[in-house]
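Tertiary structure, described
The residues making up each chain are set out below.
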Amino acid sequence: MAKKVILDVDPGIDDAMALCMALFDPRLEILAVTAVGGNVSPQVASRNVQTVVEQVDPPRWPRLGVASSAEHGLPVDGRHLHGIDGLGGVHLQVAELRTRHPAEKIICDEVRANPEEVTIVALGPLTNIARAFQRDPELPSLVGRLVLSGGTVAGPGNVTPAAEFNFYCDPQSARSVIRSRCTKTLVPLDITNRIVMSYDLLNQLPPETSKVGSLLRQILPPAFRAYRQQFGLEGIHAHDSIALMAVLNPGLFSTREMAGDVETQGDLTMGATVFDRRRVPAWRHNIEVAIDMQKDGVIDEMLAALAEAGRRTSKNRFDV
Ligand code: BDR
Ligand code: CA
C-alpha cells in the first residue's frame with residue numbers, strides 16, 4: 001500500500017526537484033503539498049508550490065496549502081541560490097490559486113483523517129508543523145512519522161557558522177517541533193552535504209518532451225550557476241531530495257536515536273541544533289538522526305525517481 005505523505009516545502013529549486021520525484025512515485029500517495037516561507041517569502045512559496053504542481057500536472061492533484069509569515073522568523077532567504085522567484089528566475093506562469101486553505105489547517109485535517117498513517121516530509125522551516133501542533137495539541141501523537149531536512153550534528157551550518165538554513169529561518173518553531181513527542185527522523189546537513197550532483201545530472205534528466213523534464217531543464221541550470229558563483233562548486237546539493245529518499249528507501253540510511261534541541265537565543269548560535277553527546281547524556285532521546293548513507297544507492301534512487309517522473313509525464317509516446 002502506498003505511504004500517505006504530506007510534503008511541506010519552501011520551493012526553492014531542491015524542493016521543486018523533490019516534489020517532482022515524490023508526485024509520481026507509486027510508493028507514495030501525496031495527500032497534500034503545503035507551502036512555507038524560507039527560500040522565498042510565504043507568498044512566493046505558495047505560488048511556487050502551485051506552479052510546480054501545475055507544470056508537472058500529476059494524475060491526482062494533492063491538496064495545496066498556502067503559507068503565512070512566521071511570528072518569530074529571521075530575515076533570511078535563499079534567493080542567492082534559488083533565483084529571484086525561487087525557481088531559477090525563469091518566471092513560470094501560474095493560474096490563480098483556487099482554494100486558499102492555510103497550510104497548518106490542511107496538515108491538521110489530513111493527519112486527523114488518517115491517524116498514525118501520515119508521514120510528513122518537512123523540507124523547509126518548521127513554521128507550519130509547529131503551528132499545526134499548536135492548533136491541535138494531540139496531533140504530534142497522531143502523525144505516523146515526521147521526516148525533516150535540516151539541522152547539523154557535527155559539521156558547520158550553511159547559513160551561519162553554527163546553523164542550518166531551515167532551522168535558522170524559524171528557530172522557535174524548530175525547537176517546538178523537535179521537543180514535541182512526534183516520532184521524527186532528521187536528515188541533517190552532515191549527510192546531505194556528502195552528495196554533490198555534478199553537471200552530468202543535466203544529461204540524466206528526463207527528456208524535454210516530458211513535463212518533469214521540461215520544468216527541471218529550466219530551473220536546474222541556474223542552480224548550477226549559483227553554486228559555482230557562491231561556493232566555487234562544480235555541482236549542486238540536493239538536500240531535500242535526499243531527505244525524501246529517507247522516506248522512499250530508509251534502508252539506504254543508517255540512523256541513531258539521539259537527544260536534540262535547537263538554540264533560540266545565541267548571538268552566534270541562533271538556530272543551531274544541539275545534541276547531548278556526552279559520555280553520560282542527561283537528555284532523553286527524542287529524534288532519530290541519519291548518520292550515514294549508501295551514497296551511490298541514494299544517487300541511483302534519485303535518478304530512478306526522476307526517470308519514472310519523466311516517463312509518467314511524457315508528452316511523446318516514444319519516451320514511454
Ligand atoms: C535547506 O535549505 C534550503 O535552501 C534548501 O531548500 C534545504 O531545504 C538546506 O539547508
Ligand atoms: Ca527546502
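The following refers to the structure shown. (Residues numbered from 1 in each chain as written. Chains lettered and ligands numbered in written order. Predicted model: local features only at pLDDT ≥ 70, side-chain atom pairs only at ≥ 80, totals over all residues. Heavy atoms only, no water.)

**Observations regarding the overall build of the protein**
The helix and strand tally for the protein stands at 13 helices and 12 strands. Scaling as 2.2 N^0.38, a compact globule of 320 residues should have a C-alpha radius of gyration of about 20 Å, and the protein matches this with 18 Å. By principal-axis analysis of the C-alpha atoms, the protein measures approximately 60 × 45 × 35 Å. Within the span of the protein, comprising 320 residues, buried residues form 57% of the whole. Sequence-distant contacts in the protein: of pairs separated by 6 or more residues, those separated by 24 or more amount to 81%. Carbon and sulfur atoms form 48% of the exposed surface of the protein, whose accessible area is close to 13,700 Å². Charge-centre separation for the protein: the mean point of 33 positive side chains lies 2 Å from the mean point of 38 negative side chains. (Helix = DSSP H or I, 4+ residues; strand = E, 2+ residues; numbered from the N terminus. Rg over C-alpha atoms; globule rule 2.2 N^0.38 Å. Buried < 20%, exposed > 50% of the residue type's maximum accessible area, 1.4 Å probe, protein only. Contact = heavy atoms within 4.5 Å. Areas by Shrake-Rupley, 256 points an atom, 1.4 Å probe, with all protein chains shown as cover. Lys, Arg positive; Asp, Glu negative; His and termini not counted. Charge placed at Lys NZ, Arg CZ, Asp CG, Glu CD.)

**Structural notes on the site of ligand 1**
The immediate surroundings of ligand 1 are formed by Asp14, Asp15, Asn39, His82, Leu123, Asn158, Glu164, Phe165, Asn166, His239 and Asp240. Here an oxygen atom of ligand 1 sits 3.0 Å away from a polar atom, N or O, in the side chain of Asn166. Contact between ligand 1 and Asp240: an oxygen atom at 2.7 Å from a side-chain N or O atom of the residue. Look at ligand 1: alone it shows 280 Å² of surface, and the protein chains cover 95% of it. Per-class residue counts for the shell around ligand 1 are 2 nonpolar, 5 polar and 4 charged. (Near = heavy atom within 4 Å. Polar contact = N/O pair within 3.5 Å; in protein donor to acceptor, adjacent residues only side chain to side chain. Nonpolar A, V, L, I, M, F, W, Y, C, P; charged D, E, K, R; others polar.)

**Some details on the pattern of salt bridges**
One pass over the full model with this rule turns up 19 salt bridges. Between Asp276 and Arg278 there is a salt bridge, with its nearest N and O atoms 2.8 Å apart. The network of salt bridges with shared partners includes Lys4, Glu29, Arg60 and Glu117. (Salt bridge = Lys/Arg side-chain N within 4 Å of Asp/Glu carboxyl O.)

**Some words on the coordination of the calcium ion (ligand 2)**
The protein atoms that coordinate the calcium ion (ligand 2) are Asp10 (OD), Asp15 (OD), Asp15 (OD), Leu123 (O) and Asp240 (OD), at distances of 2.2 to 2.5 Å. Each donor residue of the calcium ion (ligand 2) belongs to the same chain, with the gaps between them written as D-x4-D-x107-L-x116-D. One end of the pair, Asp10, is in the loop between β1 (3-9) and α1 (13-23); the other, Leu123, is in the loop between β4 (118-122) and α5 (127-135), and 113 residues separate them in sequence. Asp10 sits in the buried class, given a relative accessible area of 1%. (Donors = N, O, S within 2.8 Å, 3.2 Å for Na, K, Ca; no water.)

**Concerning the sheet that holds β1**
Sheets are built from strands that pair by backbone hydrogen bonding, the pairs being arranged parallel or antiparallel. Here 8 strands make up an open sheet; going across it, the order is β3-β2-β1-β4-β5-β6-β12-β9 and the pairing mixed. In this open sheet, the two strands that pair with only one neighbour each are β3 (63-65) and β9 (253-258). Taking each pair of neighbouring strands and ignoring which way they run, the sheet shows an average axis angle of 25°. Pairing of strand β2 (residues 28-35) with β3, which is carried by 3 bridges, proceeds in the parallel orientation. Residue pairing for β3: Ala32 is matched across the bridge by Arg63. (Pairing = 2+ DSSP bridges. Axes fitted to C-alpha atoms, helices over the stretch in contact; angles between N-to-C directions.)

**Description of the nonpolar core**
Core analysis: the largest hydrophobic core is formed by 66 residues, its most contacted members being Leu7, Leu201, Phe253 and Met302. Those elements that place two or more of their residues in this core are β1, α1, β2, α2 (42-56), α11 (211-231), α12 (239-248), β12 (287-293) and α13 (295-312). Every residue in contact with Phe253, bar those within four places of it in the chain, is listed here: Ile191, Ile242, Met245, Ala246, Ala290, Asp292, Met293 and Val298. In terms of nonpolar packing, the next biggest core, distinct from the first, is built from 32 residues, Ile6, Ile107, Ala122 and Ile178 among them. (Core = buried A, V, L, I, M, F, W, Y, C linked by side-chain atoms within 4.5 Å.)

**Some details on the pairing of β12**
In terms of burial, β12 is a largely internal element, 5 of the 7 residues being buried. In this sheet, β12 lies alongside strand β6 (residues 184-187) in parallel orientation, the contact comprising 2 bridges. From the neighbouring strand, Thr185 faces β12, where its bridge partner is Glu288. The pairing of β9 with β12 spans 6 bridges and is classified as antiparallel. If you follow Ser254 over to β12, its bridge partner there is Asp292.

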